[in-house]
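Descriptive analysis of the structure
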2 protein chains.
Amino acid sequence: MKKYAIILSGNGVFDGAEIHESTMTMLAIKKHGGEYQIFAPDMEQYHVVNHMTGEEMNEKRNVMIEASRIARGDIKPMSEYNESDFDALIMPGGFGAAKNLSDFAIKGPDCNVNPDVEKAIKDTVAAGKPVGALCISPAIVAKVLGDVELTIGQDQDTIKGLEAMGARHKKTDHGEVVVDKKHNVFTTPCYMLDANILQIWEGAENVVKAMNKKMK
Amino acid sequence: MKKYAIILSGNGVFDGAEIHESTMTMLAIKKHGGEYQIFAPDMEQYHVVNHMTGEEMNEKRNVMIEASRIARGDIKPMSEYNESDFDALIMPGGFGAAKNLSDFAIKGPDCNVNPDVEKAIKDTVAAGKPVGALCISPAIVAKVLGDVELTIGQDQDTIKGLEAMGARHKKTDHGEVVVDKKHNVFTTPCYMLDANILQIWEGAENVVKAMNKKMK
(Lines give C-alpha, C1' and ligand atoms only; values in the text may rest on other atoms or scores of the structure.)
Protein backbone atom coordinates (compact mmCIF):
# COMPACT_ATOMS: atom_id res chain seq x y z
CA MET A 1 0.00 0.00 0.00
CA LYS A 2 1.52 3.31 -1.10
CA LYS A 3 1.66 5.93 1.63
CA TYR A 4 1.24 9.58 0.72
CA ALA A 5 2.07 12.64 2.78
CA ILE A 6 -0.41 15.45 2.04
CA ILE A 7 0.60 19.03 2.86
CA LEU A 8 -2.28 21.36 3.73
CA SER A 9 -1.99 25.14 4.11
CA GLY A 10 -5.08 25.95 6.18
CA ASN A 11 -8.77 25.47 5.44
CA GLY A 12 -10.41 27.61 2.76
CA VAL A 13 -9.47 28.73 -0.75
CA PHE A 14 -8.77 32.42 -0.06
CA ASP A 15 -6.41 32.09 2.93
CA GLY A 16 -5.69 28.36 3.23
CA ALA A 17 -5.95 25.00 1.51
CA GLU A 18 -8.65 24.70 -1.13
CA ILE A 19 -11.18 22.39 0.51
CA HIS A 20 -12.42 20.50 -2.56
CA GLU A 21 -8.90 19.88 -3.86
CA SER A 22 -7.79 18.68 -0.43
CA THR A 23 -10.76 16.35 0.04
CA MET A 24 -10.54 15.00 -3.52
CA THR A 25 -6.82 14.31 -3.12
CA MET A 26 -7.59 12.22 -0.03
CA LEU A 27 -10.42 10.42 -1.84
CA ALA A 28 -8.26 9.71 -4.91
CA ILE A 29 -5.44 8.25 -2.81
CA LYS A 30 -7.85 6.01 -0.89
CA LYS A 31 -9.84 4.96 -3.98
CA HIS A 32 -6.66 3.83 -5.71
CA GLY A 33 -5.44 1.69 -2.84
CA GLY A 34 -3.18 4.10 -0.96
CA GLU A 35 -3.18 5.64 2.47
CA TYR A 36 -2.19 9.10 3.68
CA GLN A 37 -0.98 11.23 6.56
CA ILE A 38 -1.75 14.95 6.57
CA PHE A 39 0.84 17.58 7.51
CA ALA A 40 0.73 21.36 7.89
CA PRO A 41 3.13 23.97 9.25
CA ASP A 42 2.47 24.97 12.87
CA MET A 43 2.42 28.74 12.23
CA GLU A 44 0.09 31.69 12.10
CA GLN A 45 -1.80 32.22 8.83
CA TYR A 46 -0.74 35.19 6.70
CA HIS A 47 -4.25 36.53 7.28
CA VAL A 48 -7.90 35.48 7.65
CA VAL A 49 -10.36 36.18 4.83
CA ASN A 50 -14.15 36.31 5.02
CA HIS A 51 -14.95 33.98 2.12
CA MET A 52 -18.34 35.65 1.49
CA THR A 53 -16.99 39.19 1.04
CA GLY A 54 -13.32 38.61 0.24
CA GLU A 55 -12.42 41.07 3.00
CA GLU A 56 -9.77 40.52 5.63
CA MET A 57 -11.07 39.68 9.12
CA ASN A 58 -9.47 41.02 12.29
CA GLU A 59 -8.52 37.54 13.53
CA LYS A 60 -5.50 35.32 13.89
CA ARG A 61 -5.65 31.62 13.02
CA ASN A 62 -3.05 28.84 13.01
CA VAL A 63 -2.43 26.99 9.72
CA MET A 64 -2.16 23.52 11.32
CA ILE A 65 -5.16 23.96 13.63
CA GLU A 66 -7.36 25.14 10.76
CA ALA A 67 -6.08 22.38 8.44
CA SER A 68 -6.95 19.84 11.13
CA ARG A 69 -10.62 20.55 10.32
CA ILE A 70 -10.11 18.96 6.89
CA ALA A 71 -8.02 16.20 8.52
CA ARG A 72 -10.66 15.48 11.21
CA GLY A 73 -7.93 15.98 13.81
CA ASP A 74 -5.40 13.52 12.33
CA ILE A 75 -2.59 15.89 11.40
CA LYS A 76 1.12 16.34 12.13
CA PRO A 77 3.35 19.41 12.11
CA MET A 78 5.32 19.82 8.87
CA SER A 79 8.57 19.70 10.86
CA GLU A 80 7.90 15.99 11.61
CA TYR A 81 7.85 14.96 7.95
CA ASN A 82 10.53 12.40 7.07
CA GLU A 83 10.65 11.25 3.45
CA SER A 84 11.72 7.74 4.50
CA ASP A 85 8.26 7.20 6.06
CA PHE A 86 6.44 7.87 2.77
CA ASP A 87 6.26 6.84 -0.89
CA ALA A 88 5.03 10.17 -2.23
CA LEU A 89 4.30 13.78 -1.31
CA ILE A 90 1.36 15.84 -2.60
CA MET A 91 0.16 19.43 -2.16
CA PRO A 92 -3.42 20.52 -2.93
CA GLY A 93 -3.84 24.20 -3.82
CA GLY A 94 -5.64 27.23 -2.48
CA PHE A 95 -4.14 30.64 -1.68
CA GLY A 96 -2.64 29.13 1.48
CA ALA A 97 0.04 27.58 -0.74
CA ALA A 98 0.99 31.09 -1.87
CA LYS A 99 0.38 32.90 1.45
CA ASN A 100 1.35 30.37 4.16
CA LEU A 101 3.52 27.61 2.63
CA SER A 102 5.23 30.35 0.62
CA ASP A 103 4.65 34.06 0.03
CA PHE A 104 4.35 33.77 -3.75
CA ALA A 105 1.00 35.64 -3.65
CA ILE A 106 2.77 38.65 -2.12
CA LYS A 107 6.31 38.58 -3.52
CA GLY A 108 5.92 36.65 -6.80
CA PRO A 109 9.16 35.11 -8.10
CA ASP A 110 11.11 36.65 -5.18
CA CYS A 111 9.07 34.58 -2.74
CA ASN A 112 10.33 32.50 0.17
CA VAL A 113 9.18 28.95 0.87
CA ASN A 114 8.55 27.66 4.40
CA PRO A 115 11.81 25.86 5.32
CA ASP A 116 10.08 22.62 6.38
CA VAL A 117 8.09 22.53 3.14
CA GLU A 118 11.25 23.25 1.12
CA LYS A 119 13.13 20.46 2.91
CA ALA A 120 10.23 18.03 2.37
CA ILE A 121 10.19 18.67 -1.38
CA LYS A 122 13.99 18.51 -1.74
CA ASP A 123 14.33 15.32 0.34
CA THR A 124 11.47 13.59 -1.51
CA VAL A 125 12.80 14.50 -4.95
CA ALA A 126 16.34 13.47 -3.93
CA ALA A 127 14.98 10.07 -2.88
CA GLY A 128 13.47 9.61 -6.34
CA LYS A 129 9.92 9.65 -4.97
CA PRO A 130 7.07 11.47 -6.75
CA VAL A 131 5.89 14.94 -5.72
CA GLY A 132 2.42 16.09 -6.78
CA ALA A 133 1.11 19.67 -6.83
CA LEU A 134 -2.36 20.97 -7.69
CA CYS A 135 -3.62 24.43 -8.64
CA ILE A 136 -1.18 27.14 -7.47
CA SER A 137 1.07 24.76 -5.47
CA PRO A 138 3.39 24.19 -8.47
CA ALA A 139 4.68 27.72 -7.75
CA ILE A 140 6.30 26.30 -4.60
CA VAL A 141 7.87 23.46 -6.55
CA ALA A 142 9.20 25.95 -9.14
CA LYS A 143 10.82 28.07 -6.41
CA VAL A 144 12.40 25.03 -4.73
CA LEU A 145 13.56 23.12 -7.83
CA GLY A 146 14.00 25.87 -10.44
CA ASP A 147 14.41 24.02 -13.74
CA VAL A 148 11.26 21.86 -13.66
CA GLU A 149 8.45 21.28 -16.14
CA LEU A 150 4.99 21.92 -14.73
CA THR A 151 1.56 23.49 -15.17
CA ILE A 152 -0.75 25.92 -13.42
CA GLY A 153 -3.19 25.95 -16.33
CA GLN A 154 -3.40 29.04 -18.52
CA ASP A 155 -3.07 32.22 -16.44
CA GLN A 156 -0.44 34.36 -18.20
CA ASP A 157 0.74 36.40 -15.19
CA THR A 158 1.23 33.30 -13.05
CA ILE A 159 3.00 31.51 -15.91
CA LYS A 160 5.43 34.46 -16.20
CA GLY A 161 6.09 34.22 -12.47
CA LEU A 162 6.87 30.50 -12.70
CA GLU A 163 9.16 31.04 -15.68
CA ALA A 164 11.00 33.80 -13.81
CA MET A 165 11.83 31.16 -11.16
CA GLY A 166 13.34 28.91 -13.84
CA ALA A 167 10.41 26.58 -14.52
CA ARG A 168 9.20 25.47 -17.95
CA HIS A 169 5.42 25.84 -18.21
CA LYS A 170 3.04 23.70 -20.26
CA LYS A 171 -0.49 24.98 -20.82
CA THR A 172 -3.17 22.52 -19.75
CA ASP A 173 -6.93 22.14 -19.64
CA HIS A 174 -9.17 20.49 -17.00
CA GLY A 175 -7.85 17.20 -15.63
CA GLU A 176 -4.58 17.22 -17.61
CA VAL A 177 -1.36 16.26 -15.80
CA VAL A 178 2.15 17.47 -16.64
CA VAL A 179 4.94 15.07 -15.66
CA ASP A 180 8.54 16.17 -15.11
CA LYS A 181 10.36 12.86 -15.55
CA LYS A 182 13.68 14.12 -14.23
CA HIS A 183 12.32 15.24 -10.85
CA ASN A 184 9.19 13.04 -10.77
CA VAL A 185 6.96 16.08 -10.36
CA PHE A 186 3.26 15.75 -11.25
CA THR A 187 1.09 18.88 -11.65
CA THR A 188 -2.52 19.65 -12.66
CA PRO A 189 -4.36 23.00 -12.79
CA CYS A 190 -7.66 22.33 -10.89
CA TYR A 191 -9.14 25.67 -9.69
CA MET A 192 -6.43 27.71 -11.46
CA LEU A 193 -8.90 27.18 -14.32
CA ASP A 194 -12.56 28.19 -14.09
CA ALA A 195 -13.53 24.69 -12.98
CA ASN A 196 -16.49 22.90 -11.45
CA ILE A 197 -16.18 20.36 -8.64
CA LEU A 198 -16.35 17.37 -11.01
CA GLN A 199 -13.37 18.72 -12.93
CA ILE A 200 -11.49 19.08 -9.62
CA TRP A 201 -12.16 15.43 -8.90
CA GLU A 202 -10.87 14.48 -12.36
CA GLY A 203 -7.69 16.50 -11.83
CA ALA A 204 -7.03 15.05 -8.37
CA GLU A 205 -7.72 11.51 -9.53
CA ASN A 206 -5.55 11.86 -12.64
CA VAL A 207 -2.56 13.23 -10.75
CA VAL A 208 -2.78 10.45 -8.14
CA LYS A 209 -3.15 7.79 -10.86
CA ALA A 210 -0.06 9.16 -12.64
CA MET A 211 1.92 9.16 -9.39
CA ASN A 212 0.81 5.60 -8.57
CA LYS A 213 1.88 4.43 -12.03
CA LYS A 214 5.34 5.88 -11.43
CA MET A 215 5.58 4.03 -8.09
CA LYS A 216 4.73 0.61 -9.57
CA MET B 1 -31.22 19.50 -14.62
CA LYS B 2 -32.22 18.84 -11.01
CA LYS B 3 -31.39 21.65 -8.62
CA TYR B 4 -30.45 20.81 -5.05
CA ALA B 5 -30.30 23.11 -2.05
CA ILE B 6 -27.51 22.04 0.32
CA ILE B 7 -27.67 23.17 3.95
CA LEU B 8 -24.29 23.57 5.67
CA SER B 9 -23.79 24.14 9.39
CA GLY B 10 -20.27 25.62 9.48
CA ASN B 11 -16.93 24.17 8.40
CA GLY B 12 -15.43 21.31 10.41
CA VAL B 13 -16.76 18.10 11.93
CA PHE B 14 -16.62 19.04 15.62
CA ASP B 15 -18.41 22.42 15.50
CA GLY B 16 -19.76 22.71 11.95
CA ALA B 17 -20.45 20.82 8.74
CA GLU B 18 -18.37 17.70 8.15
CA ILE B 19 -16.08 18.75 5.31
CA HIS B 20 -15.79 15.42 3.46
CA GLU B 21 -19.55 14.79 3.58
CA SER B 22 -20.23 18.34 2.36
CA THR B 23 -17.72 18.13 -0.50
CA MET B 24 -18.82 14.62 -1.53
CA THR B 25 -22.47 15.71 -1.57
CA MET B 26 -21.57 18.51 -3.98
CA LEU B 27 -19.50 16.13 -6.12
CA ALA B 28 -22.26 13.49 -6.20
CA ILE B 29 -24.89 16.03 -7.29
CA LYS B 30 -22.63 17.38 -10.05
CA LYS B 31 -21.47 13.92 -11.20
CA HIS B 32 -25.08 12.77 -11.62
CA GLY B 33 -26.13 15.76 -13.71
CA GLY B 34 -27.51 18.10 -11.09
CA GLU B 35 -26.62 21.54 -9.82
CA TYR B 36 -26.71 23.05 -6.35
CA GLN B 37 -26.97 26.19 -4.24
CA ILE B 38 -25.50 26.21 -0.75
CA PHE B 39 -27.33 27.72 2.24
CA ALA B 40 -26.44 28.22 5.90
CA PRO B 41 -28.03 30.10 8.78
CA ASP B 42 -26.55 33.57 9.39
CA MET B 43 -25.91 33.07 13.11
CA GLU B 44 -23.12 32.62 15.61
CA GLN B 45 -21.78 29.07 16.02
CA TYR B 46 -22.63 27.29 19.29
CA HIS B 47 -18.87 27.26 19.94
CA VAL B 48 -15.49 26.89 18.21
CA VAL B 49 -13.49 23.67 18.67
CA ASN B 50 -9.76 23.15 18.11
CA HIS B 51 -9.95 20.06 15.88
CA MET B 52 -6.48 18.86 16.96
CA THR B 53 -7.19 18.82 20.70
CA GLY B 54 -10.99 18.71 20.88
CA GLU B 55 -10.89 21.68 23.24
CA GLU B 56 -13.09 24.74 22.99
CA MET B 57 -11.37 27.89 21.66
CA ASN B 58 -12.08 31.35 23.02
CA GLU B 59 -13.44 32.61 19.70
CA LYS B 60 -16.70 33.45 18.02
CA ARG B 61 -17.43 32.43 14.44
CA ASN B 62 -20.47 32.80 12.18
CA VAL B 63 -22.01 29.63 10.72
CA MET B 64 -22.64 31.11 7.25
CA ILE B 65 -19.24 32.83 6.97
CA GLU B 66 -17.41 29.63 7.94
CA ALA B 67 -19.58 27.50 5.64
CA SER B 68 -18.74 29.89 2.79
CA ARG B 69 -15.22 28.41 2.89
CA ILE B 70 -16.64 25.08 1.67
CA ALA B 71 -18.86 26.97 -0.79
CA ARG B 72 -15.98 29.07 -2.16
CA GLY B 73 -18.04 32.17 -1.37
CA ASP B 74 -21.20 31.10 -3.21
CA ILE B 75 -23.65 30.81 -0.32
CA LYS B 76 -27.01 32.26 0.71
CA PRO B 77 -28.59 32.78 4.14
CA MET B 78 -30.99 29.99 5.13
CA SER B 79 -33.79 32.56 5.44
CA GLU B 80 -33.72 33.02 1.64
CA TYR B 81 -34.52 29.37 0.88
CA ASN B 82 -37.74 28.92 -1.08
CA GLU B 83 -38.73 25.35 -1.93
CA SER B 84 -40.23 26.45 -5.26
CA ASP B 85 -36.72 27.29 -6.52
CA PHE B 86 -35.42 23.74 -5.95
CA ASP B 87 -36.10 20.09 -6.72
CA ALA B 88 -34.51 18.67 -3.57
CA LEU B 89 -32.98 19.57 -0.22
CA ILE B 90 -29.98 17.83 1.36
CA MET B 91 -28.06 18.17 4.64
CA PRO B 92 -24.54 16.78 5.12
CA GLY B 93 -23.59 15.96 8.71
CA GLY B 94 -21.05 17.07 11.28
CA PHE B 95 -21.71 18.26 14.83
CA GLY B 96 -22.86 21.59 13.37
CA ALA B 97 -26.14 19.86 12.50
CA ALA B 98 -26.59 19.07 16.21
CA LYS B 99 -25.08 22.29 17.63
CA ASN B 100 -26.01 25.02 15.11
CA LEU B 101 -28.89 23.83 12.90
CA SER B 102 -30.38 22.29 16.04
CA ASP B 103 -29.24 21.76 19.63
CA PHE B 104 -29.68 17.98 19.58
CA ALA B 105 -26.07 17.51 20.80
CA ILE B 106 -26.92 19.47 23.95
CA LYS B 107 -30.62 18.76 24.60
CA GLY B 108 -31.18 15.40 22.90
CA PRO B 109 -34.84 14.68 22.05
CA ASP B 110 -35.90 17.96 23.71
CA CYS B 111 -33.88 19.90 21.12
CA ASN B 112 -34.97 22.90 19.10
CA VAL B 113 -34.43 23.24 15.37
CA ASN B 114 -33.42 26.52 13.73
CA PRO B 115 -36.76 27.98 12.48
CA ASP B 116 -35.50 28.57 8.92
CA VAL B 117 -34.19 24.99 8.71
CA GLU B 118 -37.46 23.65 10.11
CA LYS B 119 -39.48 25.66 7.59
CA ALA B 120 -37.22 24.49 4.73
CA ILE B 121 -37.76 20.82 5.63
CA LYS B 122 -41.50 21.18 6.17
CA ASP B 123 -42.06 23.15 2.94
CA THR B 124 -39.97 20.73 0.88
CA VAL B 125 -41.71 17.65 2.26
CA ALA B 126 -45.12 19.30 1.81
CA ALA B 127 -44.26 19.94 -1.86
CA GLY B 128 -43.50 16.21 -2.31
CA LYS B 129 -39.83 16.89 -2.99
CA PRO B 130 -37.06 14.68 -1.60
CA VAL B 131 -35.08 15.60 1.51
CA GLY B 132 -31.71 13.94 2.11
CA ALA B 133 -29.78 13.79 5.39
CA LEU B 134 -26.32 12.33 6.12
CA CYS B 135 -24.62 11.29 9.35
CA ILE B 136 -26.28 13.01 12.36
CA SER B 137 -28.53 15.31 10.27
CA PRO B 138 -31.40 12.78 10.34
CA ALA B 139 -31.86 13.89 13.97
CA ILE B 140 -33.13 17.23 12.65
CA VAL B 141 -35.54 15.48 10.30
CA ALA B 142 -36.79 13.32 13.17
CA LYS B 143 -37.48 16.38 15.32
CA VAL B 144 -39.29 18.22 12.51
CA LEU B 145 -41.32 15.31 11.06
CA GLY B 146 -41.67 12.95 14.03
CA ASP B 147 -43.02 9.73 12.53
CA VAL B 148 -40.39 9.11 9.86
CA GLU B 149 -38.22 6.10 8.96
CA LEU B 150 -34.51 6.87 8.88
CA THR B 151 -30.98 5.84 9.85
CA ILE B 152 -27.98 7.22 11.67
CA GLY B 153 -26.14 3.89 11.48
CA GLN B 154 -25.75 1.82 14.65
CA ASP B 155 -25.09 4.07 17.67
CA GLN B 156 -27.55 2.94 20.35
CA ASP B 157 -27.75 6.19 22.34
CA THR B 158 -28.43 8.25 19.24
CA ILE B 159 -30.99 5.70 18.01
CA LYS B 160 -32.84 6.00 21.35
CA GLY B 161 -32.81 9.79 20.94
CA LEU B 162 -34.33 9.55 17.46
CA GLU B 163 -36.98 7.10 18.63
CA ALA B 164 -37.89 9.39 21.51
CA MET B 165 -38.71 12.04 18.89
CA GLY B 166 -41.08 9.61 17.16
CA ALA B 167 -38.81 8.29 14.40
CA ARG B 168 -38.47 4.66 13.33
CA HIS B 169 -34.80 3.70 13.05
CA LYS B 170 -33.28 1.14 10.68
CA LYS B 171 -29.72 -0.03 11.34
CA THR B 172 -27.42 0.41 8.38
CA ASP B 173 -23.82 -0.21 7.32
CA HIS B 174 -21.50 1.90 5.11
CA GLY B 175 -23.17 3.35 2.02
CA GLU B 176 -26.68 2.04 2.75
CA VAL B 177 -29.64 4.37 2.26
CA VAL B 178 -32.94 4.27 4.12
CA VAL B 179 -35.92 5.67 2.22
CA ASP B 180 -39.08 6.94 3.89
CA LYS B 181 -41.56 6.72 1.01
CA LYS B 182 -44.29 8.70 2.74
CA HIS B 183 -42.17 11.80 3.34
CA ASN B 184 -39.53 11.20 0.62
CA VAL B 185 -36.73 11.31 3.17
CA PHE B 186 -33.37 9.70 2.25
CA THR B 187 -30.77 9.03 4.95
CA THR B 188 -27.31 7.38 5.14
CA PRO B 189 -24.92 7.02 8.11
CA CYS B 190 -21.53 8.24 6.74
CA TYR B 191 -19.25 9.26 9.65
CA MET B 192 -21.80 8.11 12.27
CA LEU B 193 -20.02 4.83 11.52
CA ASP B 194 -16.25 4.41 11.83
CA ALA B 195 -15.78 5.16 8.14
CA ASN B 196 -12.98 6.04 5.74
CA ILE B 197 -13.27 8.75 3.11
CA LEU B 198 -14.09 6.28 0.31
CA GLN B 199 -17.07 5.01 2.32
CA ILE B 200 -18.22 8.62 2.75
CA TRP B 201 -18.14 9.06 -1.00
CA GLU B 202 -20.19 5.87 -1.45
CA GLY B 203 -22.77 7.09 1.07
CA ALA B 204 -23.06 10.54 -0.49
CA GLU B 205 -23.29 9.14 -4.01
CA ASN B 206 -25.86 6.50 -3.04
CA VAL B 207 -28.15 8.98 -1.31
CA VAL B 208 -28.00 11.40 -4.26
CA LYS B 209 -28.63 8.56 -6.73
CA ALA B 210 -31.66 7.45 -4.70
CA MET B 211 -33.00 11.01 -4.59
CA ASN B 212 -32.45 11.47 -8.34
CA LYS B 213 -34.34 8.24 -9.05
CA LYS B 214 -37.30 9.56 -7.05
CA MET B 215 -37.28 12.79 -9.07
CA LYS B 216 -37.37 11.04 -12.47
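**Comments concerning the relation of the copies chain A and chain B**
Expressed as a screw operation, the relation of chain A to chain B combines 0.0 Å of axial shift with a rotation of 180°, fitting to an RMSD of 0.0 Å. The transformation relating the two chain copies, once decomposed into turn and shift, fits a two-fold axis. Residue by residue, 100% of the interface of chain A is reproduced at the interface of chain B, so both copies engage with the same surface.

**Description of the environment of Lys171 of chain A**
Residues and elements named next belong to chain A. Of note, Lys171 is situated in the loop between strand 9 (168-169) and strand 10 (178-180). For Lys171, a relative accessible area of 56% corresponds to the exposed category. Sequence separation between Lys171 and Asn184 is 13 residues; the distance between their C-alpha atoms is 18 Å.

**Observations regarding the confidence of the model for chain A**
Looking at chain A as a whole, the pLDDT averages 98, with 100% of positions reaching at least 70. Here the predicted complex carries an ipTM of 0.98, next to a pTM of 0.98.

**Concerning the interface of chain A and chain B**
Taken together, the contacts link 38 residues of chain A with 38 residues of chain B. Carbon and sulfur atoms make up 63% of the surface buried where chain A meets chain B, a total of about 3,300 Å² over both sides. When the buried surface of chain A facing chain B is broken down by residue, Met52, Arg69 and Arg72 of chain A rank first, second and third, together holding 25% of it. Summed over the shared surface of chain A and chain B, the result is six salt bridges. A salt bridge links Arg61 of chain B to Glu66 of chain A, with the shortest nitrogen-to-oxygen separation between them at 2.9 Å. Counting every contact that joins chain A to chain B gives 14 residue pairs in polar contact (both at pLDDT 80 or more). Mapped by element, the contributors of at least two residues to the side of chain A that touches chain B are helix 1 (19-31), strand 3 (48-49), helix 2 (63-70) and helix 8 (197-215) of chain A. Considering each element in turn, the side of chain A that touches chain B owes the most residues, eight residues, to helix 1 of chain A. Here the side of chain A that touches chain B is built from residues that sort into 19 nonpolar, nine polar and 10 charged.

**Here's the deal with unusual backbone geometry**
In this structure, Cys135 of chain A is a non-glycine residue whose phi angle is positive, near 65°. Residue placement: Cys135 of chain A occurs in the loop between strand 7 (131-134) and helix 6 (138-145). Despite not being glycine, Arg72 of chain B has its phi angle at roughly 55°, a positive value. Mapped onto the fold, Arg72 of chain B is located in the loop between helix 2 (63-70) and strand 5 (75-77). Judged by its relative accessible area of 27%, Arg72 of chain B falls in the partly exposed class.

**Some remarks on the state of the cysteines**
Residues and elements named next belong to chain A. A full pass over the atoms with the stated rule returns zero disulfides over all chains. Sulfur of Cys111: no disulfide; nearest cysteine sulfur belongs to Cys135 and is 15 Å away. We note that Cys135 lacks a disulfide partner, and the nearest cysteine sulfur, in Cys190, lies 6.7 Å from it.

**Here's the deal with the pairing of strand 2 (residues 35-40) of chain B**
Residues and elements named next belong to chain B. In this sheet, strand 2 lies alongside strand 1 (residues 3-7) in parallel orientation, the contact comprising five bridges. Bridge pairing in strand 2 places Ile6 opposite Ile38. Relative to strand 5, strand 2 runs parallel, the two being bridged by three bridges. When the sheet's bridge partners are listed, Phe39 is paired in strand 5 with Lys76.

Definitions and cut-offs
- Residues numbered from 1 in each chain as written.
- Chains lettered and ligands numbered in written order.
- Predicted model: local features only at pLDDT ≥ 70, side-chain atom pairs only at ≥ 80, totals over all residues.
- Heavy atoms only, no water.
- Least-squares fit on C-alpha atoms with pLDDT ≥ 70 in both.
- Contact = heavy atoms within 4.5 Å.
- Helix = DSSP H or I, 4+ residues; strand = E, 2+ residues; numbered from the N terminus.
- Buried < 20%, exposed > 50% of the residue type's maximum accessible area, 1.4 Å probe, protein only.
- pLDDT = per-residue confidence, 0-100.
- Buried area = accessible area lost by both parts, 1.4 Å probe.
- Salt bridge = Lys/Arg side-chain N within 4 Å of Asp/Glu carboxyl O.
- Polar contact = N/O pair within 3.5 Å; in protein donor to acceptor, adjacent residues only side chain to side chain.
- Nonpolar A, V, L, I, M, F, W, Y, C, P; charged D, E, K, R; others polar.
- Disulfide = S-S within 2.5 Å.
- Pairing = 2+ DSSP bridges.

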